[in-house]
Amino acid sequence: MSIDPGELVGWYESAQRDLPWRRPGVSAWQILVSEFMLQQTPVARVEPIWLAWIERWPTPSATAAAGPAEVLRAWGKLGYPRRAKRLHECAVVIASEYGDEVPRDVETLLTLPGIGAYTARAVACFAYSAGVPVVDTNVRRVVTRVLHGQADAPARARDLDDVAALLPDDETAPTFSAALMELGAVVCTARAPQCGICPLSRCRWRAAGYPAATVVKRVQRYAGTDRQVRGRLLDVLRDSSSPVTRAQLDVAWLTDTAQRDRALDSLLVDGLVEQTADGLFALAGEGDEAREGSAAIT
Ligand code: SF4
């Protein structure tokens, strides 16, 4: 069983979503920013933040020149704010060591802050048209269904090899990669695959009568988690132009004080929040050093 590139690429050319980071004139850096934001956050929430972000900071050097607190504020409610910090660090390295140009090859991309196996290949493929396998959750699901006849599967070491073997050996390889991802995002979804409009004529899972998943994926909840508490604490700091007291942070989460303490500790450890000498709390980069800097300027 394989995937017919003609079927998949043909479908993509007429059915792909009009996403702003796919439009002509979008730079490699701006594509990289979209990939950071799209890790674990849906397109609809990313789109407005990405548009505002690239207008404000269109290049790595512009992003690097912003303070980490500004970057955390602009990240807003995209979630997983460590990504914002890593994106800022990535911008600093690209601006200072790569002449403000995003590297083209996967090996160099993998050395940059915040860039892992998926993002390195996605940037090489979507920004520079490299014919490399790009494997995210959506791609893994489609390939598992079509090739292996299973509903879904956890990440496996062979995923990259599976997708590499499917890639056409010509200039359509980058489009094929984008199309595979798009198919998983909009047609072959986890809960409601739309086989009636699927462009793929051969699929093992469909042919086998949709056998049930052998591994049950746990649905990640958000309410009541440490992630939610961290988000609430960051909201207080984002909304304040100056450091806040512990009491101001405490009112953000009153249900479980031990959980609140743990969340605050983790934000301090992650370098997203800092404590001033007088015991106040601020977003990274807005603590004592920033205040001394602004006092020196005035
Ligand atoms: S036929 Fe159905 S299950 Fe198979 S790839 Fe298409 S949408 Fe997914």
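Coordinates for the structure precede this section.
Fair warning: this is a prediction, and the values are worked out from it, not measured in the lab. (Residues numbered from 1 in each chain as written. Predicted model: local features only at pLDDT ≥ 70, side-chain atom pairs only at ≥ 80, totals over all residues. Heavy atoms only, no water.)

**Let's talk about the overall build of the protein chain**
Here is the rule we go by: Working definition: helices are DSSP H or I runs of at least four residues, strands are E runs of at least two. Numbering for both runs from the N terminus. Here the term buried applies to any residue with accessible area under 20% of the maximum for its type, exposed to any over 50%, and partly exposed to those in between, with areas from a 1.4 Å probe on protein chains only. We call two residues contacting when some pair of their heavy atoms lies within 4.5 Å. All accessibility values rest on the Shrake-Rupley procedure with a 1.4 Å probe; residue burial counts only the protein chains present in the view. Under the counting rule used here, the positive set is Lys and Arg, the negative set is Asp and Glu, and His together with the chain ends is not counted. For the purpose of locating charges, the reference atoms are NZ of Lys, CZ of Arg, CG of Asp and CD of Glu.
Within the protein chain, the secondary structure is distributed over 16 helices and two strands. On the principal axes, the C-alpha backbone points of the protein chain span a range of 65 × 45 × 30 Å. Across the 298 residues in the protein chain, those meeting the buried criterion constitute 44%. The long-range fraction of contacts in the protein chain, counting pairs at least 24 apart against all pairs at least 6 apart in sequence, stands at 61%. For the protein chain, the accessible surface area stands at approximately 14700 Å², while carbon and sulfur atoms represent 53% of it. One finds the centroid of the 33 positive side-chain charges in the protein chain at a distance of 9 Å from the centroid of its 37 negative side-chain charges.

**Topic: the site of the ligand**
Counted only if it meets this: The rule for a residue being near a molecule or strand is that one of its heavy atoms must lie within 4 Å of it. Amino acid classes used here: Ala, Val, Leu, Ile, Met, Phe, Trp, Tyr, Cys and Pro are nonpolar; Asp, Glu, Lys and Arg are charged; the rest, including Gly, are polar.
Taken together, the neighbourhood of the ligand is formed by Arg145, Val146, Cys188, Cys195, Cys198, Cys203, Trp205 and Arg206. Broken down by secondary-structure element, the contributors of at least two residues to the shell around the ligand are helix 9 (137-148) and helix 12 (204-207). When grouped by side-chain class, the residues that make up the shell around the ligand number six nonpolar, no polar and two charged.

**What about the side chain of Thr119?**
Inspection of the secondary structure assignment puts Thr119 in helix 8 (residues 117-128). Here Thr119 is in contact with Glu35, Phe36 and Gln39, once residues within four sequence places are set aside.

**Considering the packing of helix 9 against helix 10 (residues 159-166)**
Short version of the rule: Axis angles are defined between N-to-C directions and span 0 to 180 degrees, where every axis is a line fitted to C-alpha atoms and, for a helix, only to the segment in contact. These descriptions rest on fixed angle ranges, namely under 35 degrees for roughly parallel, over 145 for roughly antiparallel, 65 to 115 for roughly perpendicular, and the rest for oblique.
At a closest axis distance of 11 Å, the pairing of helix 9 and helix 10 adopts a crossing angle of 70°. With respect to helix 10, the axis of helix 9 lies roughly perpendicular. On helix 10, the residues touching Val139, Arg140, Val143, Leu147 and His148 of helix 9 are Asp159, Asp162, Val163 and Leu166. Here the contact of helix 9 with helix 10 is built from residues that sort into five nonpolar, one polar and three charged.

**Section: the packing of aromatic side chains**
Our working definition: For Phe, Tyr and Trp, where Trp contributes only its six-membered ring, two rings pair if their centres lie within 6.5 Å, and the inter-plane angle classes them as stacked under 30 degrees, edge-to-face over 60, or tilted in between.
Scanning the entire structure with this criterion turns up four aromatic pairs. Both rings, one in Trp21 and one in Trp50, keep their centres 5.5 Å apart while their planes meet at 80°; by these two values the pair is edge-to-face. With a gap of 29 residues between them, Trp21 in the loop between helix 1 (5-15) and helix 2 (28-38) and Trp50 in helix 3 (residues 43-56) connect regions that are remote in the sequence. Residue Trp50 is classed as buried on the basis of its relative accessible area, which comes to 1%. Through a chain of ring-to-ring contacts, the aromatic side chains of Trp53, Trp57 and Trp75 assemble into a single cluster.

**Quick look at the nonpolar core**
Spelled out, the test is: Nine residue types can take part in a nonpolar core, namely buried Ala, Val, Leu, Ile, Met, Phe, Trp, Tyr and Cys, and a core is a set of them joined through side-chain atoms within 4.5 Å.
With 82 residues, the main nonpolar core has Leu8, Trp29, Leu32, Val102 and Leu180 as its most contacted residues. With sequence-adjacent residues up to four places away left out, Val102 is seen in contact with Ala28, Trp29, Leu32, Ile94, Leu109, Val123 and Tyr128.

**Some remarks on helix 10**
Defined as follows: An arc is given here, and it is the one of the directions from the helix axis to the C-beta atoms.
Listing the buried residues of helix 10 in full gives Asp159, Asp162, Val163 and Leu166. The buried residues of helix 10 occupy an angular sector of 90° when the element is viewed end-on, so they sit on one face. Of the exposed residues in helix 10, the ones pointing more than 90 degrees away from its buried face are Asp161 and Ala165. Its buried side turned inward, helix 10 meets helix 9 and helix 11 (173-186).

**Concerning the environment of Ala252**
Mapped onto the elements of the fold, Ala252 is located in the loop between helix 14 (246-250) and helix 15 (257-269). Overall, the relative accessible area of 14% leaves Ala252 in the buried class. Sequence separation between Ala252 and Asp161 is 91 residues; the distance between their C-alpha atoms is 47 Å. In contact with Ala252, other than residues within four places in its own chain, are Arg232, Leu233 and Val236.

**What to know about the side chain of Asp159**
Tracing the chain through its elements places Asp159 in helix 10. Setting aside anything within four residues of it in sequence, one finds Asp159 in contact with Val135, Arg140 and Pro154.

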